[in-house]
Amino acid sequence: MPMDYAQYQEEVTADVAKIIADASCQPILFIGSGFSKRYAAGPNWEELLMLLAERCPKIDKDFAYYKQAYGNDLMKIGSIFTQLYHEWAWNEGKKNFPPEYFIANVPSDIFIKHTIGQVLAGIGVDENGSYGSLELDAEIAALKAISAHAVVTTNYDEVIEPLFPGYERVISQQILRKPFLAIGEIFKIHGCVSLPESIVINEEDYIRFEEDHKYLSAKLLTYFIEHPLIFIGYRAGDPNIKKILADVDRMIRAQEYELVPNIYILEWDKNLTDKSYPPRDKVLAVTNDRNIRIKSITANSFEWVFKAFGQAGNLSKIDTKLLRALMARAVDLVRSDIPKKQVEIDFKMLEHAVDTGENFANLFGVTSVGDSSKINLTHQYVITEVYKKLGLPSWKRVNDLIKIIENDTGVNIKSYDNKYHVNVKFGVAKTSKSHKYSDMFIDLLKKVMAGQPYKIDEDAIIVPTPIK
């Protein structure tokens, strides 16, 4: 029997339902400029630069001139426009900007970023509360019903915020300063028009963003590995997607072309027919020498897709603000693989315990592990990277050195999480494992290889967790 689009929808919906059931948590939405374009007639990056060119008299050439000169290097064009806006603002354009921008310690790019805020102001629903058609309104209703665990976006505009009332907006550098990640948050990683100086638009901004990227990635990576994740409003080759997937690939180091089961990309195709059966997965090149395979969903209406991701249930009756406050008390306990046991406590005991993090941890018989997002920074290496750093011929020699340490000290470093090694579980069902190692581990092995005296740092133990 030939496969058709109705069967495709049934199979994708069933697959999403299984992934959500295995994960036992809400999905995460990763939203790009295509979303604002579809639902708010917003511009993509190139179109935004064209609109900025129209507003600044100092940009006296057609946009085509800059495209001919710099091609798709939109960061370079953004840098040129930033300088021209600065010159205009300090001359005949001064009346167009707030007086507080004209002091020495204000960055020179504030003028173009202020104008971006003006260009994007007010895009969204029309005066009737509609997104332009009954079809789009139905899609938005289905999207809101997803009750996403979190939303991540590279968009500057404020189209998303009204769709998720009660969610906390976290902008750019605020993510790095946030001590923990909870639930019900909108992460605006490229900035927001509500805070113009946060917007990422030119080369200097992107250099700074790249410097922060590894810390930002460490904060968000656990989300991307443990939750169902869907990219909305991006092309498959978008550099933002590639950056995230490269981090996921580095974290799990799956076999080449092994399917990552919990990550989807949603793409629009107006040419689909009842007889269509689009591909269910897609292979993307994330670096020059690494590919990653994720799930693909193709649709000419997103309503059924959003309904599929809404199968996790609705959180509308849950106060996400209160839940974030409770999770703040429990942030140091987030380890899914610690031994589980029943604990009988009364409310007064619990109320006293949450006042101090250490008491809260001790109440459940575990040791605080600190900010779990930092593990990706402290334990950077998989075993293939370790043996290459040590100049060894294969990963088997690394395990030989670990065995020597066990024979000398009685400690099997890989049998529990510590400052040398952590065992990271990934995938929605947590059935796959990845061993990660730190610089401290590499220094230890160097001493063993050189025959130098060494000792296991007793303070290095985090939480003993036998590997099953």
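Everything quoted here is computed from the prediction, not taken from an experiment. (Residues numbered from 1 in each chain as written. Predicted model: local features only at pLDDT ≥ 70, side-chain atom pairs only at ≥ 80, totals over all residues. Heavy atoms only, no water.)

Draft legend 1. Representation of the sheet that holds strand S1 (residues 28-31) in the model. Read across the open sheet, the 8 strands follow the order S3-S4-S2-S1-S5-S6-S8-S7; overall the sheet is mixed. Because the sheet does not close on itself, it has two edges, and the strands there are strand S3 (168-171) and strand S7 (281-285). Here the average twist between neighbouring strands, direction ignored, is 25°. Pairing of strand S2 (residues 150-153) with strand S4 (residues 185-188), which is carried by 4 bridges, proceeds in the parallel orientation. Counterpart to Val-152 in the pairing with S4 is Phe-187. The strands touched by helix H10 (residues 239-252) within the sheet are S1, strand S5 (229-232), strand S6 (259-268), S7 and strand S8 (291-299), with S8 carrying the most contacts at an inclination of about 130°. (Pairing = 2+ DSSP bridges. Helix = DSSP H or I, 4+ residues; strand = E, 2+ residues; numbered from the N terminus. Axes fitted to C-alpha atoms, helices over the stretch in contact; angles between N-to-C directions. Contact = heavy atoms within 4.5 Å.)

Draft legend 2. Molecular detail of the nonpolar core. Formed by 38 residues in total, the largest nonpolar core has its most connected members in Leu-29, Phe-35, Leu-143 and Phe-164. Mapped by element, the contributors of at least two residues to this core are helix H1 (5-23), S1, helix H2 (33-40), helix H7 (134-144), S5, S6, S8 and helix H11 (303-309). For this core, the element with the highest residue contribution is H1, accounting for 6 residues. When near neighbours in sequence (up to four residues on either side) are disregarded, Leu-29 contacts Leu-143, Ile-146, Ala-148, Ala-150, Val-151, Val-152, Phe-164, Ile-230 and Ile-232. (Core = buried A, V, L, I, M, F, W, Y, C linked by side-chain atoms within 4.5 Å. Buried < 20%, exposed > 50% of the residue type's maximum accessible area, 1.4 Å probe, protein only.)

Draft legend 3. Spatial organisation of the pairing of S2. Side chains of S2 alternate between two faces, with Ala-150 and Val-152 and Val-151 and Thr-153 buried alike. With 4 bridges connecting them, S1 and S2 associate as parallel partners. Note on S2: the bridge partner recorded for Phe-30 is Val-152.

Draft legend 4. Representation of the packing of aromatic side chains in the model. Applying the stated criterion across every chain, the model contains 25 aromatic pairs. Summarising the aromatic geometry, the rings of Phe-30 and Phe-224 are spaced 5.9 Å apart at their centres and angled 50° between planes, so their arrangement reads as tilted. Separated by 194 residues along the polypeptide, Phe-30 in strand S1 and Phe-224 in helix H9 (residues 203-226) bring together distant segments of the chain. Between Tyr-264 and Phe-309, the ring centres sit 5.2 Å apart and the planes meet at 90°, which makes this aromatic pair edge-to-face. Of this pair, Tyr-264 sits in strand S6 while Phe-309 sits in helix H11, and the two are 45 residues apart along the sequence. Members of the aromatic cluster, connected to one another through ring pairs, are Tyr-85, Trp-88, Trp-90, Phe-97, Tyr-101, Phe-102 and Phe-111. Between Arg-38 and the ring centre of Phe-302, over which it is positioned, the NZ or CZ distance is 4.6 Å. In this structure, Lys-94 packs its charged tip against the face of Phe-102, placed 5.0 Å from the ring centre. (Phe/Tyr/Trp six-rings, centres within 6.5 Å; stacked < 30°, edge-to-face > 60°. Lys NZ or Arg CZ within 6 Å of the ring centre and 35° of its normal.)

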